[in-house]
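Each chain is listed here by its residues.
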Amino acid sequence: MNSTREKTVPSWTAAASLILAPRVGRVSRRRLAIWGALCACAGHGFSALADSFSILALARLVAGLGEGATIAAANSAAASARDPDRLFAMASVLGGLIA
């Protein structure tokens, strides 16, 4: 099933993650992750309530940007871990199991 959600969220998530990744060091990772999670939740909530395509597209944009911010913060935190290779491997396995 190819819906708008499946097409827009990954692209906005990837764009936000690529744009924010170099700038993560300038802001608190915790604040960025919380802000991103709140934006993603708000975007998903507005997506569920959307009654027109334009509102749905805007809500998906907000959700994708929030998810990208959260991913950028998580990758930055993982990279500064004591053993980042092991952490990335565990996250890849868990991400595959959850998805």
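What counts and what doesn't
Residues numbered from 1 in each chain as written. Predicted model: local features only at pLDDT ≥ 70, side-chain atom pairs only at ≥ 80, totals over all residues. Heavy atoms only, no water. Helix = DSSP H or I, 4+ residues; strand = E, 2+ residues; numbered from the N terminus. Buried < 20%, exposed > 50% of the residue type's maximum accessible area, 1.4 Å probe, protein only. Contact = heavy atoms within 4.5 Å. Areas by Shrake-Rupley, 256 points an atom, 1.4 Å probe, with all protein chains shown as cover. Core = buried A, V, L, I, M, F, W, Y, C linked by side-chain atoms within 4.5 Å. Expected span 1.5 Å × (residues − 1). Axes fitted to C-alpha atoms, helices over the stretch in contact; angles between N-to-C directions. Parallel < 35°, antiparallel > 145°, perpendicular 65-115°, else oblique. Left-handed = near helix turned anticlockwise from the far one by under 90°. Nonpolar A, V, L, I, M, F, W, Y, C, P; charged D, E, K, R; others polar. Arc of directions from axis to C-beta.

A. Examining the overall build of the protein more closely. From N to C terminus, the protein includes 4 helices and 0 strands. The proportion of buried residues among the 99 residues of the protein is 22%. For the protein, restricting intrachain contacts to residue pairs at least 6 apart in sequence, the fraction spanning at least 24 positions comes to 69%. As displayed, the protein offers around 6800 Å² of accessible surface, 66% of which is attributable to carbon and sulfur atoms.

B. Just the side chain of serine 47, in detail. Along the chain, serine 47 turns up in helix 2 (residues 29–49). Taking the relative accessible area as the measure of exposure, serine 47 reaches 14% and is therefore buried. Those residues in contact with serine 47 that lie beyond four places of it in its chain are Leu56, Ala59 and Arg60.

C. Quick peek at the environment of serine 76. With respect to the helices and strands, the residue serine 76 is situated in helix 3 (residues 53–79). Overall, serine 76 belongs to the partly exposed group, its relative accessible area being 22%. Remark: the alpha-carbon pair of serine 76 and alanine 21, spanning 55 residues in sequence, is separated by 7.6 Å. Those residues in contact with serine 76, other than ones at most four positions away along the chain, are Val24 and Arg29.

D. Layout of the nonpolar core. Counting 5 residues, the largest nonpolar core consists of Val24, Leu32, Ala69, Ala72 and Ala73. Considering every element that reaches this core, the biggest residue donor is helix 3, with 3 residues. Residues contacting alanine 73, with those up to four places away along its chain left out, are Arg29, Leu32 and Ala33.

E. Structural view of helix 3. Under the 1.5 Å per step criterion, the end-to-end length of helix 3 is 38 Å for 27 residues, consistent within 8% with the ideal 39 Å. For helix 3, every residue scored as buried is listed here: Ala59, Arg60, Ala63, Gly64, Gly66, Gly68, Ala69, Ala72, Ala73 and Ala78.

F. The packing of helix 2 against helix 3, seen in detail. Where helix 2 meets helix 3, the closest approach of the two axes is 7 Å, and the angle between their N-to-C directions is 155°. Between helix 2 and helix 3, the angle falls in the class roughly antiparallel. Here the hand of the crossing between helix 2 and helix 3 comes out left-handed. Across the interface between the two elements, Arg29, Leu32, Ala33, Trp35, Gly36, Ala37, Cys39, Ala40, Gly43, His44, Phe46 and Ser47 from helix 2 touch Leu56, Ala59, Arg60, Val62, Ala63, Gly66, Glu67, Ala69, Thr70, Ala73, Ser76 and Ala77 from helix 3. Residues that form the contact of helix 2 with helix 3 fall into these classes: 14 nonpolar, 7 polar and 3 charged.

G. View of helix 2. Look at helix 2: 30 Å from first C-alpha to last across 21 residues, which is about the 30 Å you get at 1.5 Å a residue. All of the buried residues along helix 2 are Leu32, Gly36, Cys39, Ala40, Gly43 and Ser47. Seen from one end, helix 2 has its buried residues packed into an arc of 100°, which puts them on one side. Residues of helix 2 that are exposed and angled more than 90 degrees away from the buried face: Arg30, Arg31, Leu38, Cys41, Ala48 and Leu49. In this structure, the buried side of helix 2 is in contact with helix 3.

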